[in-house]
Amino acid sequence: MISDATKARFAKEVAKYPDNDTGRQSAVMACLSIVQQELGHVSTDSEKVIADYLHMAPMAVHEVTTFYNMYNQKPVGKFKLNVCTNLPCQLRNGQHALHHLEKKLGVHMGETTADGMFTLQQSECLGACADSPVMLVNDRHMCSFMSDDKLDQLVDALRAEGGK
């Protein structure tokens, strides 16, 4: 359910654009981010609310949601780990990093740990090829040169932080 406070945040974003349907629709990514902040993911029901609010077809909102990996289409763990598996990272152990995390966390790519702490995903290019293998934590924190030791340290630190 989308709260009135969330819709008020939508209005602030829409106000940044011209006062017409095209202008309103320019706020779609901001509205998706707001919903995700409130609910933790973007459901098809929330996509419909956004579509109605922005005078868009629900499919147009869904296309944006599914194009970008920063929008969670289902609930994820407290820490979302996106490992780059694009070719430059693959050539510098990106796939190995993903497999190491699968083994350490006891999940496969796309799954969430039983304790709800970690969701492991692969990602397309994160734009830091020279620092590969790279990963992104919670769509905000870039981690570079992720050796097995650095991956273990990161997971252990996040687990300790998440337990607080």
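A quick note: this is a predicted structure, and the numbers were derived from the prediction, not measured.

Participant: Quick question: what am I supposed to make of helix α7 (residues 94-105) here?
Facilitator: An α-helical segment advances 3.6 residues per turn. Residues three or four places apart therefore align on the same side. In this model, α7 (twelve residues) spans 17 Å end to end at C-alpha, consistent with the 16 Å of a helix rising 1.5 Å per residue. Of the positions making up α7, those classed as buried are Gly94, Ala97, Leu98, His100, Leu101, Glu102 and Leu105. Of the surrounding elements, those touching the buried residues of α7 are β1 (79-84), α6 (87-91), β2 (118-123), β3 (135-137) and α8 (148-162).

Participant: Sorry if this is basic, but what is going on with a nonpolar patch on the surface here?
Facilitator: A grouping of Phe67, Tyr68 and Met70 is seen on the molecular surface, where their side chains present a nonpolar patch of about 300 Å² in accessible area. With respect to the helices and strands, the residue Met70 is situated in the loop between α5 (58-67) and β1.

Participant: Looking at this structure, I do not really get the sheet that holds β1. What am I missing?
Facilitator: The strands making up a sheet associate through backbone hydrogen bonding, with each pair oriented either parallel or antiparallel. The sheet built from four strands is open, its strands ordered β2-β1-β3-β4 with mixed pairing. A single partner strand is all that each edge strand has here, and the edge strands are β2 and β4 (141-143). Neighbouring strand axes in the sheet, compared pairwise and without regard to direction, differ in orientation by 25° on average. Pairing analysis gives three bridges linking β3 to β4, with the strands arranged antiparallel. Following the sheet pairing, Val137 is matched in β4 by His141. Contacts from α8 reach β1, β2, β3 and β4 within the one sheet, and its direction differs from that of β1 by about 165°.

Participant: Help me out: how do you make sense of the packing of helix α3 (residues 28-39) against helix α4 (residues 44-54) in this one?
Facilitator: Two quantities define a packed helix pair, namely the angle between the axes and the distance from one axis to the other. Here α3 crosses α4 at 140°, and the two axes come no closer than 11 Å. Of the two elements, α3 crosses α4, and the hand of that crossing is right-handed. Across from Val28, Cys31, Leu32, Val35 and Leu39 in α3, the residues of α4 making contact are Ser46, Ile50 and Leu54. In terms of residue class, the contact of α3 with α4 is made up of seven nonpolar, one polar and no charged.

The rules behind the values
Counting starts from 1 at the beginning of each chain's written sequence and moves along it residue by residue. Totals for whole chains, interfaces and linings use all residues, but because this is a predicted model, local features are given only for residues with pLDDT of at least 70 and pairs of side-chain atoms are given and counted only at 80 or more. Hydrogens are left out, water is left out, and the side-chain values use all remaining heavy atoms of the structure. Only runs of H or I of at least four residues qualify as helices and only runs of E of at least two qualify as strands under DSSP, and these elements are numbered from the N terminus. Any helix carries an expected span of 1.5 Å times its number of residues minus one. Each residue is placed in one exposure class: buried if its accessible area under a 1.4 Å probe, protein chains only, is under 20% of its type's maximum, exposed if it is over 50%, and partly exposed if it falls in between. We call two residues in contact whenever any of their non-hydrogen atoms come within 4.5 Å of each other. Here a patch means residues that are over 30% exposed by relative accessible area and free of salt bridges, tied together within 9 Å if like-charged and within 5 Å if nonpolar (Val, Leu, Ile, Met, Phe, Trp, Tyr). All accessibility values rest on the Shrake-Rupley procedure with a 1.4 Å probe; residue burial counts only the protein chains present in the view. Counted as salt bridges are all cases of a side-chain nitrogen of Lys or Arg within 4 Å of a carboxyl oxygen of Asp or Glu. For two strands to count as paired, DSSP must find a minimum of two bridges between them. Here an axis means a line fitted to C-alpha atoms, over the contact stretch when the element is a helix, while the angle between two N-to-C directions is reported on a 0 to 180 degree scale. A crossing counts as left-handed when the near helix is turned anticlockwise from the far one by less than a right angle, and as right-handed when that turn is clockwise. In this count, Pro and Cys sit with the nonpolar residues alongside Ala, Val, Leu, Ile, Met, Phe, Trp and Tyr, while Asp, Glu, Lys and Arg are called charged and the others, Gly among them, polar.

Nothing here speaks to function; it is geometry throughout.
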